[in-house]
Amino acid sequence: MYKVDLPVDESALQAVERRRAAEAERKSRIFNPRARVIGVDLRVLQKQQEEKRERLDMDQQRDMARDLLRLSLDEMAMQQKKEEEELRRELAQDLVQYRAIHQRAEDGRDADINYCRQGASNVSVSDSDSALGPASMQVFLGEGINENEKKRAQMEMNERNLRAQREERKKQEREQKNRELLTGRELVEKDLRAVQLNALEEECKRAAHIALSHYNQAQAEERMEREQQERLRREGEELAEVRYMVTSDLLTERTEAAKRKTESSAEGPQVLTDRWKGMTPQQISDIHRKIKEQCLEKERLQEMERQRDVAWDYHLTEQARQQEREENRDKELQRERRIQLDKHNQQLAQEQQTHQHYLDKQLYTNRPTVQYFTQFGTSSR
């Protein structure tokens, strides 16, 4: 067998290198503590920002292109409209010219009907139609007779028609101007009428306001007059009442009036409050006696209330002392429980310390080295 040097497959080597580069990039991304702990992928965020910026630029360029296209389309539409109007005007002019040249009245079907009116009776031919026959007719009706006069008449007719059209157009323009002037005059008159109506409305409002002010002033004056009359009437009534009270039996203290009323009463003696002039000495002594009795009764009640308050205070003091003794007893019990709990906690701490010492010194003696921890996190898979 011959030894042949085969070429090395570069594609396989390139694929291996690509995988190695992808693995290295994946390791740098996965084992990056900032990206792993905080959870922020700066490259993806930057890529998203670039994509958003490109999208915004594309949208702006598309909007600008649409605006330019809209402007160009508007210009094209205006140009097309102008061209159509120009073409329509030229067609109208060509139509008028065509009608003036090719659609003359003497070239119509019924032109020979009126031919006898234009002096065609003087036409003479060399030979008669009977001699030449129908196929050898040399002159037809309305043909070749007074051609120049007919053309001149046709031109004059065209000029008259054109002059009539110009006059009609001028007349229409004058009428349009007159209509515009009339419309403007009507608008001015309407504006003037509106101004006059506004002025009249303001004048009416001013007059109504003045009338309302006068009416309110009259009402105020009438109310003041009525209040003054009411005040005078009330003052007169008060003066009459004062005069009556001054001259009555109530203020003059006439005892005869009260006695007279009492003696004339059918039910016996009774007290008339509006004419009563005071109490008798016996009634006054009875009142003083009642007042003394009430004072003694009040002092007795106050003494009983004071004794009851003293007894209640003594009872409250005894209850407070009993409550204080119970609180001291509870505090002593709590202190004893706290001492027992501290002793129990110390015992538990000592047992925990002994157990931890056992774990550290006897059970877990084979501690891991640095090589044990470095074997982790070496691959992204």
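Computed from a prediction, not measured in an experiment: that's the story for all the values here. (Residues numbered from 1 in each chain as written. Predicted model: local features only at pLDDT ≥ 70, side-chain atom pairs only at ≥ 80, totals over all residues. Heavy atoms only, no water.)

Here's the deal with the overall build of the chain
Within the chain, the secondary structure is distributed over 9 helices and 0 strands. By residue count, 4% of the 381 residues in the chain fall in the buried class. Residue pairs at least 24 apart in sequence account for 52% of intrachain contacts in the chain once pairs closer than 6 positions are excluded. When the accessible surface of the chain is totalled, it reaches about 35,600 Å², and 53% of it is carbon and sulfur. (Helix = DSSP H or I, 4+ residues; strand = E, 2+ residues; numbered from the N terminus. Buried < 20%, exposed > 50% of the residue type's maximum accessible area, 1.4 Å probe, protein only. Contact = heavy atoms within 4.5 Å. Areas by Shrake-Rupley, 256 points an atom, 1.4 Å probe, with all protein chains shown as cover.)

Focus on a negative patch on the surface
Together, E50, E51, E54 and D57 make up a negatively charged patch on the protein surface. Within the secondary structure, E50 is located in helix α3 (residues 42-102). (Patch = residues over 30% accessible without salt bridge, like charges linked within 9 Å, V, L, I, M, F, W, Y side chains within 5 Å. Salt bridge = Lys/Arg side-chain N within 4 Å of Asp/Glu carboxyl O. Lys, Arg positive; Asp, Glu negative; His and termini not counted. Charge placed at Lys NZ, Arg CZ, Asp CG, Glu CD.)

Some points on a nonpolar patch on the surface
Judged by side-chain polarity, M279, I284, I287 and I291 come together as a nonpolar surface patch covering roughly 310 Å² of accessible area. Mapped onto the elements, M279 comes out in the loop between α7 (255-263) and α8 (281-363).

Considerations on the pattern of salt bridges
Applying the stated rule across the entire model yields 16 salt bridges. When the shortest N-O distance is used, the salt bridge between R89 and E86 registers 2.6 Å. In this pair, R89 and E86 both sit in helix α3, 3 residues apart, roughly one turn of the helix. Note on R89: relative accessible area 41%, which makes it partly exposed. Here R335 makes a salt bridge to E332, at a shortest N to O gap of 2.3 Å. Residue R335 and its partner E332 are located together in helix α8, separated by 3 residues, close to a single helical turn. You can call R335 partly exposed: its relative accessible area is 39%. Taken together, the shared-partner salt bridges connect E230, R233 and E237 into one network.

Thoughts on the confidence of the model for the chain
Across the chain, the average pLDDT comes to 80, with 76% of residues at or above 70. Averaged pLDDT values for the elements of the chain fall to 53 in α7 and rise to 91 in α8. A low-confidence stretch, residues 119-127 (pLDDT under 50), is modelled with 8 contacts involving residues beyond four sequence positions or located in other chains. (pLDDT = per-residue confidence, 0-100.)

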